[in-house]
Amino acid sequence: MTPAMLNLSKKHQQERDRVINRRPSKEHAEEAVRTLLAYSGDDSEREGLKDTPSRVIRSFDEFYSGYLKDPVEILERTFEETNGYDEMVLLKNIMFVSHCEHHMAPIIGKAHVAYLPRGRVVGISKLARVVEVYARRLQIQEKMTAQIANAINGVLEPGGVAVIIEAEHHCMTTRGVNKPGVSMTTSKMLGAFRDDPRTRSEFLANVGMS
Ligand SMILES: [Zn+2]
């Protein structure tokens, strides 16, 4: 690991410790769900809702599992035998489910992630796992896009990173302004994807956005 990677990793470890320390107990969390059930107007004691609090908390363990995962750990195993391959590596249509930090409503979409290797490549499934780490948190799409790009950039130190996310925000499609079918696109370009119009165009053409 390079000193920069060690630093990043240490930061993520500290974050993880903070998450574990400030977390309330499962019992407290289930009690909070019972309160919300009652607030919705239903009878939280009735048979059909008896196990709902524990199910909701188990869903939370999935939806928000990203807080306990370290993207550096995921990306640090790289391969150097690339036979000099230095062209774009692109993973398209990485489906994800996240939740917006304003309403805790689902954000459902896909990410396209590309980088230009400089001597090292990473197993392709690792790019999808990094998307997952940040999706499984409370998010705003802009932040998530930047976090994915910065994590890959920080660990792989490639010639460039590009991330595009297209997603539907359920806080907008199922409530509020109620506009089903509306999606939002965000992008973060670093290195050559930012500075070299040809690299950027190649990426955009590959993901069908030019
Ligand atoms: Zn929202």
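Sequence positions are assigned chain by chain, starting from 1 and proceeding in written order. Given that the model is predicted, a residue must reach a pLDDT of at least 70 before its local features are reported, and side-chain atom pairs must reach 80 or more before they are shown or counted; all residues, however, enter totals for whole chains, interfaces and linings.

Attention now goes to the overall build of the chain. If you tally the helices and strands in the chain, you get nine helices and seven strands. Dimensions along the principal axes, computed over C-alpha positions, put the chain at roughly 65 × 40 × 20 Å. The burial tally for the chain puts 27% of its 210 residues in the buried class. Here, residues touch in the contact sense if the C-beta positions derived from the backbone fall within 7 Å of one another. Sequence-distant contacts in the chain: of pairs separated by 6 or more residues, those separated by 24 or more amount to 71%. Helix and strand assignments come from DSSP, with helices taken as H or I runs of at least 4 residues and strands as E runs of at least 2, each series counted from the N terminus. Here the C-beta atoms are placed from the backbone, and a residue counts as buried if at least 20 other C-beta atoms lie within 10 Å of its own, exposed if 12 or fewer do, and partly exposed otherwise.

Another point: the sheet that holds strand β6 (residues 160–169). Being paired, for any two strands, means DSSP has found at least two bridges between them. Pairing in this open sheet of five strands is mixed, and the strands run β5-β2-β3-β6-β7 from one edge to the other. Two strands bound the open sheet, and with one partner strand each, they are β5 (138–139) and β7 (184–191). Where strand β2 (residues 89–100) lies against strand β3 (residues 106–116), nine bridges are found, and the strand directions are antiparallel. Across the sheet, L90 pairs through a bridge with A114, a residue of β3.

Tracing the sequence through the fold places T78 in strand β1 (residues 78–79). Residue T78 is classed as partly exposed on the basis of its 15 C-beta neighbours within 10 Å. Between the C-alpha atoms of T78 and V122, which are 44 residues apart in sequence, the distance is 4.6 Å. Residues within four places of T78 in sequence aside, it is in contact with R120, V121, V122 and L156.

Linkage of β2 to β3, two consecutive antiparallel strands, is achieved through a turn of five residues, within which M104 is found at a positive phi near 55°. By the bridge criterion, two bridges tie β2 to β5 in an arrangement that is parallel. In the strand pairing of β5, C100 is matched with Q139.

Below, the discussion takes up helix α5 (residues 124–135). A helix is expected to reach a length of 1.5 Å times the quantity of its residues less one. The terminal C-alpha atoms of α5, which comprises twelve residues, lie 18 Å apart, in line with the 16 Å expected from a rise of 1.5 Å per residue. Where the residues of α5 are buried, they touch α4 (71–75), β2, β3, β4 (121–122), β5 and α6 (141–156).

Our focus in this paragraph is the packing of helix α2 (residues 26–40) against helix α3 (residues 52–63). Viewed as axis vectors pointing N to C, α2 and α3 meet at an angle of 115°, and their least axial separation amounts to 8 Å. Considering only the axes of α2 and α3, their crossing is right-handed. Mapping the contact onto sequence places K26, A29, E30, V33, R34 and L37 in α2 and T52, P53, S54, V56 and I57 in α3. Residues belonging to the contact of α2 with α3 are distributed by class as follows: six nonpolar, two polar and three charged. Between N-to-C directions, angles span 0 to 180 degrees; the directions come from axes that are lines fitted to C-alpha atoms, helices contributing only their stretch in contact. Each crossing gets its hand from how the near helix is turned against the far one by less than a right angle, where anticlockwise is left-handed and clockwise is right-handed. By the convention adopted, Pro, Cys, Tyr, Trp, Phe, Met, Ile, Leu, Val and Ala count as nonpolar, Lys, Arg, Asp and Glu as charged, and the other residues, Gly among them, as polar.

The biggest cluster of nonpolar side chains holds 37 residues, and the ones touching the most others in it are L75, V130, V131, I148, I152 and V163. Elements with a minimum of two residues in this core: α4, β2, β3, α5, α6, β6, β7 and α8 (192–195). At seven residues, the largest contribution of residues to this core is made by α6. Every residue in contact with V130, bar those within four places of it in the chain, is listed here: P71, I74, L75, I148, A151 and I152. By convention in this section, buried Ala, Val, Leu, Ile, Met, Phe, Trp, Tyr and Cys residues joined through C-beta atoms within 7 Å make up a nonpolar core.

Note that all results are geometric; they support no functional claim without further evidence.
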